[in-house]
Amino acid sequence: MSREVQTLYVAEDEDDIRLDRWFKRRWPHLTHIQVEKMARSGQIRVDGSRVKPQDRLTAGAAVRVPPLPEANPRKPGDLHELTERDIAYAKSLVLYEDHMVIALNKPHGLAVQGGTKTTKHVDRLLSAWGEGMDRPRLVHRLDRDTSGVLLLGKGPEAAKRLAGAFARRQAKKTYWAIVIGNPKPSAGQIDMALKKTGINDFEMMRPAEPKDPKAEPAETAFATISRAAHRAAWMALRPFTGRTHQLRAHMAAIGHPILGDPKYGDDKSRELSGPLKLQLHARRIELDHPGGGKLIVEAPLSPEMKAGFNHFGFSEDEADEDPFEGVRRMR
């Protein structure tokens, strides 16, 4: 069993997900019957209230998670704690830390949460700060192959305030990406609903008609920072909504897929990408600090993004601090 009751927060890209699906995403080994039993007995609660497995969750909601059975029950004497090397690695990712917040520089290729085939992930590494109340809490997510700023809340109150800021779209997120070609206009906004197709590793977001019952509204602002002739452009992207793969799906939908993207790229972008990995980096987050004032964190370029910058001749000093200053959502 996991050893204590946890309070976890529904991420912004999980808005409107069913409770049972939310549990299965995080703990794939749980059966539907186990989730149903915990919900029926009141062990699972959302914002303090009883729920049914089919109830839908809203972004920022607090989910009470009772002690859960483990996928592979450990034998007495098994070592499951982090090694000193794991702890040192976790601490090496810290960009900023105070009594309420930790900001990590998540590397390319490291998943935020585990799954059936994923044993090394950020969520596991959080034990480096302790267990129970000392264990930091995830308040948003990044794709496995997206590098950059990942915020964590220290303690339930800090996590609740941070999760609320993401859920209410109050966090200003700036991503850097390298895309094929030169988007025209060079700056603007994409207001295009998306819907999930496929499952698990084959899950993709595709453009959808707004009236489609499975469509999720999605809005992204974009601005060109620099160009490598007509071949590629270094873009700043700001998601106003938090859909799965939103930036990757939106850029592909307007004909300028992000380079190094095996899922949303086309033949031309794959050819131009060559050996480059996904050229998408969560560069900057600005939001209200849960203890008061502003929190602004920037992540240095990952080795994978540096490879892209070097290949196309981009220089970091070409970028403004906030290329979206004064830009507002279209609706």
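Residues numbered from 1 in each chain as written. Predicted model: local features only at pLDDT ≥ 70, side-chain atom pairs only at ≥ 80, totals over all residues. Heavy atoms only, no water.

(A) Layout of the sheet that holds strand S2 (residues 45-46). Taken in spatial order, the 4 strands of this open sheet run S1-S4-S2-S3, and their pairing is antiparallel. The outermost strands of the open sheet, each flanked by one partner alone, are strand S1 (6-9) and strand S3 (49-50). Pairing analysis gives 2 bridges linking S2 to S3, with the strands arranged antiparallel. In the sheet register, Val46 faces S3, and the bridge partner there is Ser49. (Pairing = 2+ DSSP bridges. Helix = DSSP H or I, 4+ residues; strand = E, 2+ residues; numbered from the N terminus.)

(B) The environment of Asp266, seen in detail. Looking at the element boundaries, Asp266 is found in the loop between helix H6 (246-253) and helix H7 (267-273). Sequence separation of Asp266 and Ile180 is 86 residues, and the distance between their C-alpha atoms is 9.9 Å. At a separation of 3.2 Å, a polar atom in the side chain of Asp266 contacts the main-chain amide nitrogen of Lys268. Polar side-chain contacts of Asp266 include one of 2.8 Å to the backbone nitrogen of Ser269. (Polar contact = N/O pair within 3.5 Å; in protein donor to acceptor, adjacent residues only side chain to side chain.)

(C) View of the pattern of salt bridges. The tally for this structure, following the rule as stated, stands at 25 salt bridges. Here Asp20 makes a salt bridge to Arg18, at a shortest N to O gap of 2.7 Å. Owing to a relative accessible area of 9%, Asp20 belongs among the buried residues under this scheme. Where Arg329 meets Glu219, a salt bridge forms, and the shortest distance between an N and an O atom there is 2.6 Å. With a gap of 110 residues between them, Arg329 in the segment after helix H8 (303-312) and Glu219 in strand S13 (residues 219-228) connect regions that are remote in the sequence. (Salt bridge = Lys/Arg side-chain N within 4 Å of Asp/Glu carboxyl O. Buried < 20%, exposed > 50% of the residue type's maximum accessible area, 1.4 Å probe, protein only.)

(D) Structural context of the pairing of strand S6 (residues 101-106). Most of S6 is tucked away: 6 of the 6 residues are buried. Because side chains alternate across S6, one face comprises the buried residues Val101, Ala103 and Asn105, and the other comprises Ile102, Leu104 and Lys106, equally buried. Where strand S5 (residues 94-97) lies against S6, 3 bridges are found, and the strand directions are antiparallel. Its bridge partner being in S6, Tyr96 is matched across the sheet by Ala103. From the end of S5 to the start of S6, which pair antiparallel, there are 3 residues. Here 6 bridges tie S6 to strand S8 (residues 147-153), and the two strands are oriented antiparallel to one another. Note on S8: the bridge partner recorded for Asn105 is Val149.

(E) Looking closely at the side chain of Asp261. Here Asp261 shows up in the loop between H6 and H7. We classify Asp261 as buried; its relative accessible area is 4%. Here the side chain of Asp261 touches Lys263 through a polar contact of 3.0 Å, landing on its backbone nitrogen. There is a polar contact of 3.2 Å between the side chain of Asp261 and the backbone nitrogen of Tyr264.

(F) Representation of the domain arrangement of the protein chain within the structure. Segmenting the protein chain into domains produces domain 1 (6-65), domain 2 (84-167) and domain 3 (171-318). On a C-alpha basis, the centroid separation for the pair domain 1 and domain 3 is 30 Å. Buried area between domain 1 and domain 3, both sides added, is near 470 Å², and the carbon and sulfur share of it is 21%. Summed over the three residues of domain 1 that lose the most area to domain 3, namely Glu12, Asp13 and Arg25, the buried surface amounts to 77% of that side. The tally of links between domain 1 and domain 3 comes to 2 salt bridges. In this structure, the connection of domain 1 to domain 3 is made through 2 residue pairs in polar contact (both at pLDDT 80 or more). (Domains from an automatic or database assignment. Buried area = accessible area lost by both parts, 1.4 Å probe.)

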